Amino acid sequence: MQLCFATNNAHKLKEIRAILGDSFELKTLNEINCEEELPETTDTIEGNSHQKAEYVWEHFHINCFADDSGLEITALNGAPGVHSAYYSGTRNHQKNIERVLNELQDADDRSAQFKTVITLILNGQSQQFEGIIKGNLLHQPRGTEGFGYDPIFVPESHDRTFAEMTLEEKGKLSHRARAFSKLVDFLQSYQG
Ligand code: IMP
């Protein structure tokens, strides 16, 4: 079955292709000739994930899935959430971290979670798969691996940040891995 993963991120695609094997012919946005930016204009991670998948289904009429992720901080009432990528006004990870640390200066509660929501649309029917990893935010960044908010995020029951872990270690714990594992379980048992 052909299935479009609404991304042009080669790394994400390679990972999921390897897991799904030959039963699904995964296509990128480029491969279905979708050259436009997908809309991401809702105010939730769930909404943006759905909006991207729905756009592909409506314009290209191909079964598809899209993912959207963000960091939700308890003391900031869930911010930056859907605005994680551009929280400082630019897509600069260091500046985004600086803004978060400034806003948390007086906060006792440093708990946060990363969340990924994947929306799958099969024959017009949509469903979502969620992955969450809870943790706490440091006062200073630590580590050089990963991206985004990894240097300040310490997952629960661990003492190193995501940026101090190998890709493999983070890959076993991450919100994205958890959501994708649910999607893969579903697709592997799908008989449609
Ligand atoms: P996306 O939806 O996967 O593009 O993620 C949106 C934004 O959330 C990213 O630009 C990062 O700022 C943040 N983010 C998502 N996943 C992670 C992660 O695994 N580590 C650190 N930051 C992340």
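Everything in this summary refers to the structure shown in the same document. (Residues numbered from 1 in each chain as written. Predicted model: local features only at pLDDT ≥ 70, side-chain atom pairs only at ≥ 80, totals over all residues. Heavy atoms only, no water.)

### Let's talk about the side chain of Asp67
- With respect to the helices and strands, Asp67 occurs in strand 3 (residues 64-73).
- In terms of polar contacts, Asp67 uses its side chain to reach the side chain of Lys12, at 3.0 Å.
- Not counting chain neighbours up to four residues away, the residues in contact with Asp67 comprise Phe5, Lys12, Ser49, Lys52, Thr116, Val117, Ile118, Arg176 and Phe180. (Helix = DSSP H or I, 4+ residues; strand = E, 2+ residues; numbered from the N terminus. Polar contact = N/O pair within 3.5 Å; in protein donor to acceptor, adjacent residues only side chain to side chain. Contact = heavy atoms within 4.5 Å.)

### Some details on the site of the ligand
- Around the ligand, the structure places 15 residues, and the nearest of them are Ser69, Asp150, Lys170, His175 and Arg176.
- Here a nitrogen atom of the ligand and a backbone polar atom of Tyr149 are 3.2 Å apart.
- For the ligand, whose accessible area on its own is 480 Å², the fraction buried by protein is 90%.
- Secondary structure elements with two or more residues in the shell around the ligand: strand 3 and helix 5 (175-189). (Near = heavy atom within 4 Å. Areas by Shrake-Rupley, 256 points an atom, 1.4 Å probe, with all protein chains shown as cover.)

### Looking at the sheet that holds strand 6 (residues 153-155)
- One open sheet holds the six strands; their spatial order is 2-1-3-4-5-6, and the pairing between them is mixed. This sheet does not close on itself; its edge strands, each paired only once, are strand 2 (25-27) and strand 6. Taking the axes of each pair of neighbouring strands and ignoring which way they run, one obtains an average angle of 35° across the sheet.
- Relative to strand 5 (residues 125-137), strand 4 (residues 111-122) runs antiparallel, the two sharing 12 bridges. (Pairing = 2+ DSSP bridges. Axes fitted to C-alpha atoms, helices over the stretch in contact; angles between N-to-C directions.)

### Comments concerning the environment of Val184
- Mapped onto the secondary structure, Val184 falls in helix 5.
- Look past the residues within four positions of Val184 in its chain and what remains in contact with it is Ile16, Ile19 and Leu20.

### Focus on unusual backbone geometry
- Residue Pro80 follows Ala79 across a cis peptide bond; omega there is -5°.
- If you trace the backbone, Pro80 turns up in the loop between strand 3 and helix 3 (93-103).
- Backbone geometry places Asn77, a non-glycine residue, at a positive phi of 55°.
- Here the phi dihedral of Asn123 falls at roughly 50°; this positive angle occurs in a residue that is not glycine.
- Within the secondary structure, Asn123 sits in the loop between strand 4 and strand 5.

### Considerations on the packing of aromatic side chains
- Tallied over the entire structure, the rule returns eight aromatic pairs.
- Where Phe153 meets Phe162, the ring centres are 5.3 Å apart and the plane angle is 45°; that geometry is what we call tilted.
- Given the relative accessible area of 0%, Phe153 is considered buried.
- Measuring from ring centre to ring centre gives 5.9 Å for Phe186 and Tyr190, while their planes differ by 35°; the resulting arrangement is tilted.
- The class of Tyr190 is partly exposed, set by a relative accessible area of 23%. (Phe/Tyr/Trp six-rings, centres within 6.5 Å; stacked < 30°, edge-to-face > 60°. Buried < 20%, exposed > 50% of the residue type's maximum accessible area, 1.4 Å probe, protein only.)

### A word on the pairing of strand 1 (residues 2-5)
- Sheet analysis places strand 1 next to strand 2, joined by three bridges and oriented parallel. From the neighbouring strand, Gln2 faces strand 2, where its bridge partner is Glu25.
- You can see the chain leave strand 1, run along helix 1 (residues 10-20) and come back into strand 2, and the turn it takes is right-handed.
- Relative to strand 3, strand 1 runs parallel, the two sharing two bridges. Note that in strand 3 the partner of Cys4 across the bridge is Cys64. (Right-handed = clockwise from strand over helix to strand, strands pointing away.)

### Observations regarding the nonpolar core
- Judged by nonpolar contacts, the single largest core of 19 residues is most densely connected at Leu71, Ile73, Val100, Leu137, Tyr149 and Phe153.
- Broken down by element, the residue count for this core peaks at three residues, all from helix 3.
- The next biggest cluster of nonpolar side chains, apart from the first, holds 17 residues, and it includes Leu3, Phe24, Phe129 and Ala179. (Core = buried A, V, L, I, M, F, W, Y, C linked by side-chain atoms within 4.5 Å.)

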